[in-house]
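Descriptive analysis of the structure
Read off the chains here:
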Amino acid sequence: QVHLVESGGGLVQAGGSLRLSCAASGRTFSSYVMGWFRQAPGKEREFVVAISASGGSTYYAHSVKGRFTISRDNAANTVYLQLNSLKPEDTAVYYCAAVSSQKPITIWTISEYDFDSWGQGTQVTVSS
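Notes on the structure in this doc start here. Because the structure is predicted, anything quoted here is derived from the model rather than measured. (Residues numbered from 1 in each chain as written. Predicted model: local features only at pLDDT ≥ 70, side-chain atom pairs only at ≥ 80, totals over all residues. Heavy atoms only, no water.)

**Some details on the pattern of salt bridges**
Where charged atoms of side chains with opposite charge meet at close range, the side chains can pair. Applying the stated rule across the entire model yields 5 salt bridges. Note that K103 is salt-bridged to D116, the shortest N-O span being 2.9 Å. One end of the pair, K103, is in the loop between β9 (92-100) and β10 (117-118); the other, D116, is in the loop between β9 and β10, and 13 residues separate them in sequence. The class of K103 is partly exposed, set by a relative accessible area of 37%. (Salt bridge = Lys/Arg side-chain N within 4 Å of Asp/Glu carboxyl O. Helix = DSSP H or I, 4+ residues; strand = E, 2+ residues; numbered from the N terminus. Buried < 20%, exposed > 50% of the residue type's maximum accessible area, 1.4 Å probe, protein only.)

**Digging into the side chain of N77**
Looking at where N77 falls in the secondary structure, it is placed in the loop between β7 (68-73) and β8 (78-83). The class for N77 is buried, based on a relative accessible area of 18%. Beyond its immediate stretch of four places on either side in the chain, N77 contacts C22, A23, A24, S25, G26 and F29. (Contact = heavy atoms within 4.5 Å.)

**Comments concerning the packing of aromatic side chains**
Following the criterion strictly, the structure yields 5 aromatic pairs and no others. Measuring from ring centre to ring centre gives 5.6 Å for F37 and F47, while their planes differ by 75°; the resulting arrangement is edge-to-face. Taken together, the residues F37 in strand β4 (residues 32-39) and F47 in strand β5 (residues 46-51) connect sequence positions 10 residues apart. For F47, a relative accessible area of 18% puts it in the buried group. A ring pair is formed by F37 and W118, whose centres lie 5.0 Å apart and whose planes are at 55°; its orientation type is tilted. Of this pair, F37 sits in strand β4 while W118 sits in strand β10, and the two are 81 residues apart along the sequence. The class of W118 is partly exposed, set by a relative accessible area of 27%. Among the aromatic residues, those joined into a ring-pair cluster are F37, F47, Y59, F115 and W118. Here the basic side chain of R45 rests over the ring of W118, its NZ or CZ set 3.8 Å away from the ring centre. (Phe/Tyr/Trp six-rings, centres within 6.5 Å; stacked < 30°, edge-to-face > 60°. Lys NZ or Arg CZ within 6 Å of the ring centre and 35° of its normal.)

As far as function goes, none of this settles anything; it's purely spatial.
What follows is the structure, given as structure tokens:
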């Protein structure tokens with residue numbers, strides 16, 4: 001497992017942008033598939049996006065495709081989530097998650113149950 005710490009959340013007006021960061025501990029960050037999930041008040045946690053260990057493949061939830069962009073810097077042990085054109089319905093706690101790429105998973109079918117390391121979350125609030 002890996003220790004994850006998210007940052008970058010905050011309050012923004014609709015149409016605005018934020019960049020979330022997730023810093024990971026350990027020397028094997030480049031071997032982890034990374035994902036972002038979010039949970040709004042009273043709702044279940046939902047998948048947002050995943051990125052392969054190399055960063056060469058990404059998979060987005062339909063609700064954020066075209067507005068959010070995931071990237072990773074394996075040298076810095078960090079994964080980023082750029083949130084653009086934010087909407088009030090994007091308000092949620094955003095969680096970073098990791099799972100070893102040695103597990104038999106693909107990012108196109110991955111779910112929260114595949115991930116075994118989670119950050120504490122960072123709040124994103126979008127005002128209308």
